[in-house]
Amino acid sequence: RAVAMSVSHSSRLNKLVREQYMRLPQDGRVQVTYVWIDGSGEGVRCKSRTLDKEPKSIEDVPEWNFDGSSTAQAEGSNSDMFLVPVCMFRDPFCLDPNKLVLCEVLKYNRKPAETNLRHTCKKVMDLVKDSHPWFGMEQEYTLLGVNGHPYGWPDNGFPGPQGPYYCGVGADKVYGRDIVESHYKACLYAGVKICGTNAEVMPSQWEFQVGPCEGIEMGDHLWMARFILHRVCEDFGVVATLDPKPMTGNWNGAGCHTNYSTEEMRREGGLKHIEAAIEKLSKRHDYHICVYDPRGGRDNSRRLTGHHETSNIFEFSAGVANRGASIRIPRQVGQDGFGYFEDRRPAANCDPYAVTEAIMRTTVLNETGVETKDYAGH
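Residues numbered from 1 in each chain as written. Predicted model: local features only at pLDDT ≥ 70, side-chain atom pairs only at ≥ 80, totals over all residues. Heavy atoms only, no water.

Asks: Where do I start with unusual backbone geometry in this structure?
Replies: Both trends apply: most residues other than glycine have a negative phi, and most peptide bonds are in trans. A cis geometry characterises the amide bond from Asp96 onward to Pro97, with omega recorded as 10°. Along the chain, Pro97 falls in the loop between strand 4 (80–90) and strand 5 (99–106). Phi angles above zero are rare outside glycine, and Arg110 is one such case at about 70°. Relative to the assigned elements, Arg110 resides in the loop between strand 5 and helix 2 (118–127). (Helix = DSSP H or I, 4+ residues; strand = E, 2+ residues; numbered from the N terminus.)

Asks: It is not clear to me how the UniProt feature "domain: GS beta-grasp" (unreviewed entry) in the chain should be interpreted in this structure. Could you clarify?
Replies: With numbering aligned to this structure, UniProt lists the feature "domain: GS beta-grasp" (unreviewed entry) at residues 30–110. In the segment residues 30–110, helix accounts for 0% and strand for 48%; the C-alpha atoms at its two ends are 28 Å apart. (UniProt positions renumbered as here; feature names shortened; annotations may be inferred.)

Asks: Would you mind going over the packing of helix 3 (residues 177–190) against helix 4 (residues 217–236) with me for this structure?
Replies: Describing two packed helices takes the angle between their axes plus the distance from one axis to the other. The N-to-C vectors of helix 3 and helix 4 enclose an angle of 135°; their axes lie 9 Å apart at closest approach. When the interaxial angle is binned, helix 3 and helix 4 end up oblique. The element helix 3 and its partner helix 4 pack so that their crossing is right-handed. From helix 3, Asp178, Ile179, Ser182, His183, Ala186, Cys187 and Ala190 reach across to helix 4, where they touch Ala225, Ile228, Leu229, Val232, Cys233 and Phe236. (Axes fitted to C-alpha atoms, helices over the stretch in contact; angles between N-to-C directions. Parallel < 35°, antiparallel > 145°, perpendicular 65-115°, else oblique. Left-handed = near helix turned anticlockwise from the far one by under 90°. Contact = heavy atoms within 4.5 Å.)

Asks: How should the packing of aromatic side chains be read in this particular structure?
Replies: The final tally for this structure, using the stated rule, is eight aromatic pairs. On the basis of an interplanar angle of 20° and a centroid distance of 5.4 Å, the ring pair of Phe135 and Tyr260 is categorised as stacked. Taken as a pair, Phe135 in strand 6 (residues 134–144) and Tyr260 in strand 10 (residues 256–261) lie far apart in primary sequence, 125 residues in all. As far as burial versus exposure is concerned, Phe135 and Tyr260 are alike and both buried. Grouped by ring-pair contacts, the aromatic residues Phe135, Tyr260 and Phe341 constitute a single cluster. Above the ring of Trp223, the side-chain terminus of Arg226 is found at 4.7 Å from the ring centroid. (Phe/Tyr/Trp six-rings, centres within 6.5 Å; stacked < 30°, edge-to-face > 60°. Buried < 20%, exposed > 50% of the residue type's maximum accessible area, 1.4 Å probe, protein only. Lys NZ or Arg CZ within 6 Å of the ring centre and 35° of its normal.)

Asks: In this structure, what is going on with the pattern of salt bridges? I would like to understand it.
Replies: Oppositely charged side chains can form a pair if their charged atoms are brought close together. Taken as a whole and judged by the stated rule, the model has 25 salt bridges. One salt bridge in this structure joins Arg118 and Asp220, with 2.9 Å as the shortest N-O distance. One end of the pair, Arg118, is in helix 2; the other, Asp220, is in helix 4, and 102 residues separate them in sequence. For the residue pair Arg118 and Asp220, the accessibility class agrees, reading buried in each case. For the salt bridge of Glu367 with Arg284, the shortest nitrogen-to-oxygen distance reads 3.1 Å. Here Glu367 is found in the segment after helix 10 (352–363), whereas its partner Arg284 is found in the loop between helix 6 (271–282) and helix 7 (285–291), with 83 residues between them in sequence. Owing to a relative accessible area of 3%, Arg284 belongs among the buried residues under this scheme. Three or more residues joined by partner-sharing salt bridges are found here, namely Glu42, Asp243, Arg295, Asp299 and Arg302. (Salt bridge = Lys/Arg side-chain N within 4 Å of Asp/Glu carboxyl O.)

Asks: In this structure, what is going on with empty space enclosed by the protein? I would like to understand it.
Replies: Empty space among the atoms becomes apparent when a probe as large as a water molecule is rolled across them. Counted under the stated rule, the structure contains three cavities of 30 Å³ or more. Counted as a void, the largest cavity has a volume near 80 Å³. Lining the largest cavity are Ile37, Val86, Leu102, Cys103, Glu104, Val105, Thr115, Asn116, Leu117, Arg118 and Tyr353. Per-element accounting of the lining of the largest cavity gives the leading share, four residues, to strand 5. Looking at side-chain class alone, the lining of the largest cavity contains seven nonpolar, two polar and two charged residues. As a volume, the second largest cavity reaches approximately 40 Å³. (1 Å grid on protein atoms, 1.4 Å probe; cavity = no way out; pocket = protein on both sides within 12 Å on 5 of 7 lines; lining within 4 Å. Points joined across faces, edges and corners; volume = space filled by probe spheres on them. Nonpolar A, V, L, I, M, F, W, Y, C, P; charged D, E, K, R; others polar.)

Asks: Sorry, what's going on with a nonpolar patch on the surface here?
Replies: A cluster of nonpolar side chains, contributed by Val17, Tyr21 and Leu24, occupies part of the molecular surface with about 320 Å² of accessible area. With respect to the helices, strands and loops of the structure, Val17 is situated in helix 1 (residues 15–22). (Patch = residues over 30% accessible without salt bridge, like charges linked within 9 Å, V, L, I, M, F, W, Y side chains within 5 Å. Areas by Shrake-Rupley, 256 points an atom, 1.4 Å probe, with all protein chains shown as cover.)

Asks: Mind showing me how you'd approach the pairing of strand 2 (residues 44–51) here?
Replies: Walk down a regular strand and you will see the side chains alternate between the two sheet faces. Across eight bridges, strand 1 (residues 30–37) lies against strand 2 in antiparallel orientation. If you follow Ile37 over to strand 2, its bridge partner there is Val44. (Pairing = 2+ DSSP bridges.)

Asks: When you look at the layout of surface pockets in this model, what are you seeing that I'm missing?
Replies: The volume enclosed by the largest pocket comes to roughly 520 Å³. In terms of lining residues, the largest pocket is bounded by 19 residues, among which Arg18, Glu19, Pro92, Phe93 and Asp235 are the most central. Every element with two or more residues in the lining of the largest pocket is listed here: helix 1, helix 3 and helix 4. Grouping the amino acids of the lining of the largest pocket by side-chain chemistry returns 10 nonpolar, two polar and seven charged.

Asks: Is there a simple way to explain the nonpolar core in this structure?
Replies: For soluble globular proteins, nonpolar side chains are generally found buried alongside one another. In terms of nonpolar packing, the biggest core is built from 66 residues, with Tyr141, Val192, Met224, Ile228 and Phe341 touching the most fellow members. Residue assignment places this core across two domains, with domain 1 (9–115) and domain 2 (125–364) each supplying three or more. Filtering out sequence-adjacent residues up to four positions away, Ile228 remains in contact with Pro92, Phe93, Leu100, His183, Ala186, Cys187, Ala190 and Val192. Core analysis: the next-biggest nonpolar cluster, separate from the first, contains 14 residues, Trp36, Leu83, Val105 and Ala113 among them. (Core = buried A, V, L, I, M, F, W, Y, C linked by side-chain atoms within 4.5 Å. Domains from an automatic or database assignment.)

Below, the structure written as structure tokens:
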């Protein structure tokens, strides 16, 4: 008996009819879709407007506003929030010359919204720019039907145990490759610095990688890659969840492993700088755990158990080629004596601005303890 997959009604609409309209000329006018992070710190929202001509740079895209009381970002009595464009991409859904624009959210008084973590990240990245920090983030996610059940899993049971699914091939091993390949192409078209993808250890779980990106660019590109993922999934009628432990039991959780280096780490003899950075991180484990998921570590406590290729949330560890450690030094880097290291602690639903800012505060600005410094005067 064929199992009916739980997909959304709108995904069953006739897409060929839509194509007829998408081919219509726009007479020089341009659709711009503004994208922002909502009050949950995880969700993305969007809305579109028409500009009279194609914007050539982010400065050509005007500020806009939205109703913050409908996104858990403001009171109804004072609900207007500002959308400040910060990064522009090509639109893979409406095609050229249309644009996707990532925005920062400011409150009525022009102060950053509580979930606008880009604002302080940008200040920190400007302070440390001479160290040329490079990041690459590995975004794991899980495909679900609209009923919340992992896509492709049996209706009343579980697939076979983990083993054949990681980087798997075949209809009995991978579910939803059409979505993954569509997302990859859409990111390439948009100009997102996506650099790879693979099926993950749990069936219906996938990963894509973004990077290398320097400084603030890491957060900008990962957030836009997430928005594009949610939009692609919408077309296919399924849901992508970034929950760090979507299935309890003997299944891998989902992380967002963060690869990092500074210019001195990438040069000959850089291993000593890598080891010095890891030593600093070891003394600030609690602070990092607090900012590596949106709930102060509570989400990650479900994932970082010391099992399923994770470290224990309560202990800091580091090792060469060790996927059960907090920090992994790749074997090649150990052999070469320079390169980068991987922080395996960030949860899949982390804010990349918070993660990259924290790493810079600890390893370059030499902050210690759980408090952060305010660099407003710089």
